Amino acid sequence: MWLVKMTWIGEDPIHITATVLQGVLLALTPLAILFSAFVFFNALNVTQTMPYMAALVRATCSSHPVAEVMLVLWALGHLIEGASGFGTGPAMLPPIMVALGHPAFESLVCLLIMTSTIGPLGSSGVGLWFGLSALEWSRQQLVRVTVLVSLVMALMSFPIALMSARFLLSWDDLRGCWLFVGLSIAACALPALLASLFSFEAPGLLSGVLGVVLTGAMAHKGVGLSANVPCVAARKLRQLEAGAAAALGGAGEPGEQQQQQAAASGGGSLEPLASKCGGGGGGSDDDSKQASRGRPVIELTAVATTPRGLAGLQEAPLRGRSAATEVCTDAAQGLLAALVSQTRRGGVPAAVGLAEEAEDGEGALLPSGAARSHHDTTACALERSALAASSRSGGGGGQLLGDARLGDAGSHAVDADTAAYLRDRRELARRLAPWAAMLCVVAGTRVPYLQRSNGQELRLSLRSLGDFTISSNLVLQFRDLCRIGVNWSFPLLYTPALLPFIATACATLAAFRGSIPADKSWGDPFAAATAKCRGVAPAIIGALILVALMVQGGRQAPSYIIGYWLSEWLGRGFIAVSLPLGAVGSFFSGSVSTSNLTFALLQQVAAHKLGLNATAMVMLQIIGGAAGQMVAISNILGGRAVMGIQHIPEGEFVKAALPACVAYYVAGTLLALPFLFS
C-alpha cells in the first residue's frame, strides 16, 4: 500500500510517513486492551481465584449440561466479550468447560460462534467508537448504527445460539430444555437491544451482566430444565462402552473371552451403563463425534466400583436429575476390569496421562481433579488410584478393583476440598469481588468527559514531528504529525485498559498475595501478558498501518477509490459483497474494530454512490466483522494454545464454524434490505 500511494496515487512522502506513524500509534489501543485483559485474567489464575468461579458454576448448574453450556459459553461469554474482547473469552472460558467434563474442541468452537453475536458491541463498544472513527460520525449517528446492529443481532441470536450449542448438545437436549434456552438467549439479546437506544458503550457489558444473573438464577431454580437430559457422566460412560467394545474387538470371540475373564474376576458383564445414568437417548451421534475428536478419557469407570461410591452417586443433590441416575455396580466393575485387561495388552491408555496432567498444578481449575465427575467427586480419586495401580503392576482386573476400593478411603477429602470453595460464603464473596469491581469500574468510565481532552493540557513541542499533549483528564494526543495535519488520540481512562483491568489486577494480586503459589510471583501475569502481546503485536501494528494508509487521503484514499469503483461496477449487487468484506477484515485481523477501520469508509462511499442508506450499509460491514470473528485465525490460535489441542489444524475450526458464517451472510443481508432502501 505504501508503494501504491507513492507510485500510483502520487502522495507526498512526508504525508505517507505521517500516516505510517499514525498507524503505529493507533495499534496502541487494541494492544493496551489485549495486554491489560490478559493481565487481569492471569492474575485471577495466579491468585487461585478462578477456581471459585468454576465451583460456583458447577454448583449453580447442578451438573445439567444445557445449563452449563448456556451459563458459561453464552452468558459468561457475553460478559467477558462485552468487557474486554480481543480474544480473552477463548482463552478463559473453554478451560472451565473442560473442567466440567466437556470436550475441548467442541467447547472452543461453540464459544467462538456464540460470542460473535456480541462481538460488534464488545470491549465496551470499542468496535464502534474506535472502529468507526474514520467516518467522523457524531454520537447520535453512532447510537443509530448501534440500534440497527443490536436489532439484527437480537434476531440472529436465537438461530446462532442453537447452531453453536449443537456442538455440545443434541436436538433432543435442546428441545427438552427449550424454555430455559430461549429465556437465556433473550436475557442477553434483549438488554443489549434496549441499552443500544441510549448508548453505544453499554450494550455489550449490560447484556453480559444481566445474562449471567438471569441465566444463573434460572439454572439454580431449574426453570425449563428437563430431567431427561443425560448428564456429562452418562455421555462419558456411553463413550467408554463404545471404546471398550472397540478395544475388545466388538462382539467377536476375543471380546467375549475378555468379558468372561472380567466376569471371572468378579467384574460382572458389559451391559449398557449410559441407560442407567440419567437417560439413554439424546445425542448418541453427537457423542460419537465428540469421542472421535478428543483423546480417550477414562474418568467415570470407578464411580460405582464400591458401595460407598454408589451411595454417593444416588444421594448427590443434583437438581433436575431423575431417579434413573443409578449405576449398576457389577456392570461398572466389569467395564473397568475389561478396560484394564485391554490396558495390559496394549499399554497404558492415554487416559492415564490425562489423569496425571490433571493433578494439582498449573491449569487445574478445581482441587484434586474434583471437577472431573458430575455425579460424585469420588470418581476421580478412585480413577486415579485404579489407573495408577494398573500402571504399576501387571495384576488383573480384580487387583485393580481392589486398589480402587482402597482408594475410596480418601474420597471424602476430595469432597471436602470441593465443598470448601462454596462453604465459606465470605471467602467466596471476596474471590468474586474482582469480577464485580471490574464491571463497576468499566461502567463508571463510560462517560464522554473521559473520551476527549478537556482543554487543560500539558504541551510538549517535538518540532517537525508534531506536538504531544497530556490533558488533565489523561487524554494523550499527537497533533499535527509531521506538520501536515495528521492527529492521534488515546483516552487513557476511557479505553478499557488501565481502568479497569490493570487496576483490578493489581488490587487482586495485593489482596490475595497469600494465595500465590511458591513457584509463582506477582509479576507472572504481566510476563504472560507480555508474551501474548509480543506474538500478536507485529500483526496488529501491520494491520493498523495498512488501515491508516487506506483511509487517509480524502478522495484519494484507497478505501474511497475502491468503494467508488466497486459500486460503479457492481451497482446494487454491491450489497451482496458488503457483508463478506467485513468478514474478510476480521478474519485476518481477529478484530471487528480493525475490520471497521479498514472497510467502513469504503462501505459509506459505496452507499452514497448507490443512493442507499449509509448507516445500514455500515451495519452490514459490522455484522460481517462479527461473522469473520468466529473463524479469525488469531482467535483460533490463541484458544487452541490455551486448550492444548495444537494437534487439531486451524482448518477444522474454520470448517466447523462455516455453516454459522453462511447463516450470518444470508440472514444479515436479508434483514438489512429494508433499512438499506429506507
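Rules used throughout
- Residues numbered from 1 in each chain as written.
- Predicted model: local features only at pLDDT ≥ 70, side-chain atom pairs only at ≥ 80, totals over all residues.
- Heavy atoms only, no water.
- Pairing = 2+ DSSP bridges.
- Helix = DSSP H or I, 4+ residues; strand = E, 2+ residues; numbered from the N terminus.
- Axes fitted to C-alpha atoms, helices over the stretch in contact; angles between N-to-C directions.
- Buried < 20%, exposed > 50% of the residue type's maximum accessible area, 1.4 Å probe, protein only.
- Parallel < 35°, antiparallel > 145°, perpendicular 65-115°, else oblique.
- Left-handed = near helix turned anticlockwise from the far one by under 90°.
- Contact = heavy atoms within 4.5 Å.
- 1 Å grid on protein atoms, 1.4 Å probe; cavity = no way out; pocket = protein on both sides within 12 Å on 5 of 7 lines; lining within 4 Å.
- Points joined across faces, edges and corners; volume = space filled by probe spheres on them.
- Nonpolar A, V, L, I, M, F, W, Y, C, P; charged D, E, K, R; others polar.

Colleague: Just checking my understanding: could you explain the sheet that holds strand β1 (residues 457–461) for this structure?
Modeller: For sheets, the rule is that strands pair by backbone hydrogen bonds, running either parallel or antiparallel. If you walk across this open sheet you meet the four strands as β1-β2-β3-β4, and the pairing is antiparallel. On the outer flanks of this sheet lie β1 and β4 (486–491), each paired with one strand and no other. This sheet shows a mean twist of 15° between the axes of neighbouring strands, independent of strand direction. Two strands pair when backbone bridges link them, and β1 and strand β2 (residues 467–471) are joined in this way by five bridges, in the antiparallel orientation. Paired with Arg459 across the two strands is Thr469, which belongs to β2.

Colleague: When you look at the pairing of β2 in this model, what are you seeing that I'm missing?
Modeller: Successive side chains on a regular strand alternate, one facing one side of the sheet and the next facing the other. Burial of β2 is extensive: four of the five residues sit out of reach of the surface. Bridge analysis of β2 against strand β3 (residues 475–481) gives four bridges, and the strand direction is antiparallel. Within β3, the position partnered with Ile470 by the bridge is Leu476. Here β2 hands over to β3 after three residues, with Leu474 in that stretch at a positive phi of 60°.

Colleague: Can you help me understand the packing of helix α9 (residues 139–165) against helix α28 (residues 614–629) in this one?
Modeller: In contact at an axis separation of 9 Å, α9 and α28 are set at 50° when each is read in the N-to-C sense. Classified by the interaxial angle, the pair formed by α9 and α28 is oblique. Crossing angle aside, the handedness with which α9 passes α28 is right-handed. Facing Arg144, Val145, Leu148, Val149, Val152 and Met153 of α9, the residues of α28 in contact are Thr615, Ala616, Val618, Met619, Ile622, Ile623 and Ala626.

Colleague: What should I look at first to understand the environment of Leu28 in this one?
Modeller: Secondary-structure assignment places Leu28 in helix α3 (residues 28–46). Under the relative-accessibility criterion, Leu28 is labelled partly exposed at 39%. Separated by 512 residues in sequence, Leu28 and Ile540 place their C-alpha atoms 9.1 Å apart. Excluding anything up to four places from it in sequence, Leu28 contacts Trp488 and Phe490.

Colleague: For this particular structure, what's the right way to read the layout of surface pockets?
Modeller: Over the atoms, a rolling probe the size of a water molecule traces out where space has been left empty. Each pocket or cavity is described by its volume, and for the second largest pocket that value is around 1,100 Å³. As for the second largest pocket, its lining consists of 39 residues, of which Gln22, Ser133, Ala134, Glu136 and Asn487 are closest to the centre. Secondary-structure elements contributing two or more residues to the lining of the second largest pocket are α2 (13–26), α9, β3, β4, α24 (524–551) and α27 (592–610). Looking at the lining of the second largest pocket element by element, the count peaks at five residues for β4. Residue composition of the lining of the second largest pocket, by class: 20 nonpolar, 14 polar and five charged.

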